[in-house]
Structure formats: structure tokens, C-alpha cells
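So the chains spell out like this:
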Amino acid sequence: MTFYATLLFNGLVTGGILALMSLGMSIIFGMMRVVNFMHGSMFMLGAVIALILGSHLGLSLWLGFLVAAILVGLLGVVLERLLIRRLYGLDLAYILILTFGLSLIIEDIVRMFYGVTSAPYLVPDALKGAVNLGFAFYPKYRLFVVVVSVAACLAIWFALERTRLGALIRAASERPNLLKCFGGNVPLLVSGTFFFASALAGLAGALSAPLRNVSPYMGEEMINFVFAVVVAGGMGSIAGSVVMGFASGLASAIVAVFYAPAASAVIYVLMLVVLIARPGGIFRGIDISHFSLHYTPMTDRARRLFMSRPTALIALSAGLVLPWLVYPVLATDIILWGLFAVGFDLLFAFGGLLSFGQAAYWGASAYVTGILMVKFGVPMPLAVLVGIGASTAIGLLFGLIVARKKGIYFSMITFAFASIVYFIINQFADYTGGEDGLHGLVRTSLFGLDLHDDRVFYYVCLAVAALSIAGVLRLLKSPYGLALLGARENERRMTSIGYNVYGLRVKAYALSALICSTAGAFYALNHQFVTLEMVAWRASGEPIMMTLLGGAGTIFGPFLGSGIVLLMRNTLSSVTDNSNLFLGLLFVAVVLMFRKGILGEMVQMFLDRTPRVDPANDKAPLGEVKDA
């Protein structure tokens with residue numbers, strides 16, 4: 001009895017932290033329809049500030065928690081006013097990507113000043129020891145966390161549902177223009193909501209500080225769990241976030257009794273079960289069925305130019321000389337990361353779907369290929385084919401589940417799916433190497449070509465990428481490609497004339513997984529080892545940045561973005577270890593200044609200066625491709 005009671009209380013502790021975090025994210029989403037990716041960084045900041053104030057400056061626990069929550073809330077307001085507010089009214093993908101970049105910046109700045117070594121937060125004397133509950137002795141501090149989290153959740157529910165302030169917040173969420181007409185200060189309400197939600201994340205982090213080691217990376221795992229809880233509870237649902245937060249904590253504690261490593265994965269399994277049984281989540285949140293698909297700012301005229309033969313030949317010529325300009329291994333990385341980004345862009349620019357989980361296929365293909373070669377001695381060509389096929393099959397399976405979703409919901413579910421793949425790979429350490437990675441992949445000969453030579457292997461990868469791009473171009477010009485574009489532009493019209501939009505998107509998701517899997521298998525061979533970084537959440541974010549930097553929908557822009565990012569990282573690695581800070585700044589710069597991407601902006605400027613002609617005229621001016 002004592003054991004199980006302690007177990008359930010431990011689950012309530014975990015659930016309370018999850019509920020506070022999920023509550024903050026749901027409030028922001030409900031108010032502004034924004035998925036705040038830096039919520040995990042705010043959680044980490046709350047823990048770090050509480051540790052510094054309490055353990056290093058001697059501030060009392062109560063005051064330390066309050067100050068940590070307020071400081072984190074103020075930082076959230078500053079970032080909302082200076083950066084996030086600039087993107088209101090645009091595609092929600094831009095805010096999601098902006099907050100992703102800000103999370104990298106915050107994490108790296110904390111690492112610079114705080115270091116990477118974990119440190120415990122010392123519990124004050126008043127909360128040390130255990131209290132007798134009648135049926136068990138339980139630590140005072142853990143009981144304190146349960147009481148505070150439950151009280152905070154009830155207070156927030158009451159404030160939002162039973163007070164005038166809550167009514168104003170709901171009005172600003174549902175009818176902001178109407179509220180302005182009645183004299184409501186909508187910008188102030190938005191900033192106040194962002195402060196409150198960020199402060200909740202900071203409070204959750206401060207409460208967690210005595211329960212776990214504090215480090216700059218503690219928010220990464222937490223944001224994975226929060227996304228799963230928010231999706232399963234119902235996007236924007238206050239009650240759903242609270243109930244699913246506590247339910248997830250209890251489920252995790254119970255599963256830990258039977259198989260401790262699965263304690264984290266049960267949250268994602270619970271999310272899958274809920275989505276299958278009730279696709280909108282347990283509680284009804286914000287109606288996302290009307291959310292528009294993501295778009296690319298590329299015009300049809302520019303797209304025709306990028307899909308022409310001359311442009312493809314120029315890109316191929318650049319690829320042929322690349323290994324003579326940079327180190328061949330780095331050149332191969334540029335080609336393969338670019339191909340990975342093309343796989344993402346096929347979904348984003350042409351299907352209107354922002355996936356934050358394509359690293360699942362990039363990494364799964366690499367691991368299957370590596371396991372077959374290292375553990376079972378399968379020949380390299382066969383291992384690569386099986387790795388690509390197995391990973392694509394996983395993509396098809398996931399696609400059948402997620403293809404009915406769109407907008408931010410689609411992004412969050414794909415993120416959660418990628419987290420499941422990460423967990424599975426990390427748990428089978430006997431095959432995958434776990435945190436040490438999988439080593440020992442050896443490149444052999446192929447059709448008489450010695451793949452040990454890095455430059456020879458580069459040209460093999462270039463040939464694979466060229467064939468993949470040729471297939472993508474042919475696909476986009478086919479009836480299927482035109483139908484996919486049509487479904488992105490007007491889903492109802494395509495449905496009304498007999499197209500199965502769901503089927504179109506399932507195929508697009510599977511094709512995207514195929515391209516990402518191909519790039520991942522060859523990337524593993526390029527470095528001859530595989531690590532967990534290939535399936536981590538950051539690996540899903542980088543092809544998004546490369547695509548937007550080069551130009552979404554430009555076909556070849558992702559390769560340009562890949563080259564810029566990898567060359568910048570390679571250069572910075574020799575002078576600083578703060579590469580994530582600069583990558584985060586690059587994320588911010590892209591979404592604020594280069595929304596068409598570098599290649600997209602350059603081509604659009606050129607086309608704007610080129611006179612338009614009647615498409616039926618045989619004498620098209622320079623830049624207009626007749627056979628496109």
C-alpha cells in the first residue's frame with residue numbers, strides 16, 4: 001500500500017509540472033493561435049534563475065520562485081513585443097520557426113554563462129524531510145509541488161472562466177476587432193497573456209529545480225512532452241491541458257513499475273490512443289478544422305523558371321565543381337542536407353503541410369542501414385535499400401494517421417511522432433549504441449567505384465540527388481503534382497470535382513519520407529557512424545531553416561540554404577563553440593527579412609524587371625521558360 005501510494009504521488013508531481021507547462025502553451029495558443037516553441041527554454045530559465053537566487057544568492061524559496069516566474073514572464077513580453085508581434089497576420093509557420101530559433105539562442109546564451117554541468121537545487125530546511133500522510137511517509141517538497149500545481153491550475157481556471165479579465169481575454173481571442181471597437185486594449189491583453197503564460201513556464205521550471213539536475217538542456221525533453229499533452233488534451237483547451245498533464249504523469253509513474261525506460265514513451269503512446277479514438281483531443285479546444293494550409297510566397301512565374309531545364313543544368317554544374325572548392329566530406333554533407341530539405345519542402349511548399357518530424361525518417365534510415373551493416377554483416381548496397389525502404393514504410397504508416405490534419409495541429413503531431421522514433425532508437429542501445437552512437441560503417445566498392453575515396457563518394461551522392469530532383473520535377477509537372485498544388489490552393493474545389501485530397505497528402509508524406517530516408521542513409525555512409533542527433537528534434541528544425549533561407553518552393557533553394565548553414569557552422573566551429581547561437585540568429589533573420597529566401601528574392605527581383613508577355617507568344621522574354 002505504501003509503495004503504490006508513493007508511486008501515485010510521484011505521478012502527481014510529474015503531472016503537476018506538465019500541467020503548468022501545458023497550461024501556459026494552451027493559453028498562448030488559445031489567445032494568439034501561436035505555438036510557442038521556446039516554452040521549453042522558458043522552463044529551463046525558470047529553473048536556472050531559481051537555482052542562482054536560492055543556492056548562490058541565498059534568497060528564500062518563496063521569493064526565489066516568485067522572482068524567477070516574473071523575470072521569465074518579462075522576457076516573454078519583451079520577445080513578443082520586439083519580434084513575435086511583427087509576424088502576426090502572417091502564416092503561423094513563421095512564428096513557429098521564429099520561436100524555434102529563439103529557443104536555440106536562449107539555450108546557448110545560458111550555456112555560455114552557466115556552463116553545461118548539471119547542478120542540484122538545495123531544498124530549504126522548512127521543506128526537508130517527510131510528512132506522515134497516515135498511509136505513507138512522503139517528502140515534504142514533493143507534496144508542496146503537488147499542492148502548488150493543483151492550486152495554480154484551479155486559480156487559472158477560475159480567472160479565465162469566472163472573472164471579467166478572463167472574459168476580456170476570451171473576447172480578444174475570438175473577436176479582437178470587435179473588442180477594439182468597444183475600447184478594449186487588445187495589444188495589452190496579448191502582452192499580458194504572453195507574460196502570464198511565460199511566467200507559468202518559469203514557475204514550472206523553478207518547482208522542478210530541486211527535483212532534477214538543472215542544466216541548459218533540461219527544456220528540450222520537456223517541450224516534447226508538452227506538445228504531446230497539448231495535442232491529446234485538445235489544442236487550446238485549458239481543462240484538456242490540466243487533465244492530460246496529470247493523467248500523463250500518473251501513467252508514466254505506473255508504467256515505470258513494470259518497465260522504467262518506457263515511463264517517458266507512455267506519454268506519446270497515450271497521445272496516439274487519444275488521437276485514434278478522438279482525433280480532436282479529449283476536450284474540445286480551438287476549432288482547427290478551418291485552419292488554412294501553409295503557403296509559399298513563390299509566384300507561379302518564378303516557380304516555372306525554377307522547374308525549367310536551364311536552371312537544373314546550372315544547379316548540376318555547381319554541384320560538379322563543389323568538391324573542388326570545399327572539403328569533399330563537407331561538400332557531400334551539403335548535398336545530402338539539401339536533399340533532406342527538399343524532402344521537407346515537397347510537403348511544405350507544394351502540399352501546404354509544415355512537418356516538424358522529418359528527422360524521424362532521416363535518422364531511421366541511417367540507423368537501419370547501419371545496424372544491418374555493423375550487426376548483421378549485410379552488404380552495403382542491400383543495407384542502404386532496406387534502410388530506405390523500412391524508413392519510407394514508417395513514413396507511409398504515419399502518413400495514414402496525420403494526413404487528415406493540417407496547420408499547426410499537423411506540425412505538432414509530426415513532432416510527437418518523431419519523439420517516439422527517438423525514444424525507440426535510444427532504448428535499443430544493444431543495436432543502436434544508445435547515446436554513444438553506432439560506429440563501424442565501412443564504405444565498400446560499388447560497380448567498380450572505390451567509395452573509400454571521399455570525392456568519388458561525393459559524386460555518387462550527387463548522382464543520387466540529381467536523380468531524386470529529376471523525379472521531383474517530373475512529379476510536380478505530372479497530373480498528381482498539379483492536383484497536390486490544387487489541393488493546397490483550394491481544398492474544397494478539388495474535393496468537389498472528385499479528387500481524394502486525403503490520398504494526395506498521404507502520397508506526398510510518403511514521398512517526402514522517401515527523399516529524407518535516401519539522404520539519411522547516404523549521410524550515415526559519408527561519416528561512417530550514426531548518432532542520436534540524427535533523430536533529435538533539432539534535426540527536424542534545420543532543414544526547415546535551410547529551406548526558408550534558400551527559398552521555399554524553389555527546388556534548388558534548399559541546397560543553397562544547406563550550403564550557407566553548413567559552411568557557416570564549419571567556419572564558426574574553428575573560432576567559437578556557440579554555433580547554436582548564430583544558427584538561432586539566422587533563423588530569426590530568415591523569418592523577419594527573407595521570407596522568400598535568398599534565391600527566391602533574387603529571382604523575384606529579376607522577374608519583376610522582366611516584361612510579361614502573352615504565354616501563347618512564341619517569343620518569350622529572358623526569364624520566361626516556354627516549355628515549362
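Reading the values: the criteria
Residues numbered from 1 in each chain as written. Predicted model: local features only at pLDDT ≥ 70, side-chain atom pairs only at ≥ 80, totals over all residues. Heavy atoms only, no water. Salt bridge = Lys/Arg side-chain N within 4 Å of Asp/Glu carboxyl O. Buried < 20%, exposed > 50% of the residue type's maximum accessible area, 1.4 Å probe, protein only. Helix = DSSP H or I, 4+ residues; strand = E, 2+ residues; numbered from the N terminus. Contact = heavy atoms within 4.5 Å. Phe/Tyr/Trp six-rings, centres within 6.5 Å; stacked < 30°, edge-to-face > 60°. Lys NZ or Arg CZ within 6 Å of the ring centre and 35° of its normal. Arc of directions from axis to C-beta. 1 Å grid on protein atoms, 1.4 Å probe; cavity = no way out; pocket = protein on both sides within 12 Å on 5 of 7 lines; lining within 4 Å. Points joined across faces, edges and corners; volume = space filled by probe spheres on them. Nonpolar A, V, L, I, M, F, W, Y, C, P; charged D, E, K, R; others polar.

1. Considerations on the pattern of salt bridges
If you walk through the whole model with that rule in mind, you get six salt bridges. When the shortest N-O distance is used, the salt bridge between Glu489 and Arg488 registers 2.0 Å. Overall, the relative accessible area of 56% leaves Glu489 in the exposed class. The buried category is assigned to Arg488, whose relative accessible area is 12%. Between Glu542 and Arg569 there is a salt bridge; the shortest N-O distance is 2.6 Å. Of this pair, Glu542 sits in helix H23 (residues 537–550) while Arg569 sits in helix H24 (residues 557–573), placing them 27 residues apart in sequence. When its relative accessible area of 13% is taken as the criterion, Glu542 is described as buried.

2. Description of the environment of Ser103
Relative to the elements of secondary structure, Ser103 occurs in helix H4 (residues 92–114). Accessibility expressed as a relative area gives 3% for Ser103, which makes it buried. Between the alpha carbons of Ser103 and Ala510 there is a distance of 30 Å; along the sequence they are 407 residues apart. For Ser103, the residues in contact, after removing those within four places along its chain, are Phe37, Met38, Ser41 and Trp537.

3. Digging into the packing of aromatic side chains
Applying the stated criterion across every chain yields a total of 23 aromatic pairs. Feature note: the residues Phe37, Phe100, Phe227, Phe356 and Phe415 constitute an aromatic cluster, connected by ring pairs. Its end group placed over the ring of Trp324, Arg455 keeps NZ or CZ at 4.0 Å from the ring centre.

4. Topic: helix H26 (residues 598–608)
Within H26, burial applies to Leu599, Gly600, Val603, Gln604 and Leu607. Looking straight down H26, one finds its buried side chains confined to an arc of 125 degrees; they lie on one side. Looking at H26, the residues exposed on the side facing more than 90 degrees away from the buried face are Met602 and Asp608. Of the surrounding secondary structure, the elements contacted by the buried residues of H26 are helix H12 (300–306), H23 and H24.

5. Concerning empty space enclosed by the protein
Counted according to the given criterion, the structure contains two cavities of 30 Å³ or more. When residues of the lining of the largest cavity are traced back to their parent elements, those giving at least two are helix H2 (39–56), H4, helix H9 (218–233) and H23. Looking at side-chain class alone, the lining of the largest cavity contains six nonpolar, four polar and three charged residues. Of the volumes computed, that of the second largest cavity is approximately 30 Å³. Taken together, Val342, Asp345, Leu346, Phe350, Val472 and Ile555 make up the full set of residues lining the second largest cavity. It is helix H14 (residues 328–351) that contributes the most residues to the lining of the second largest cavity, four residues altogether.

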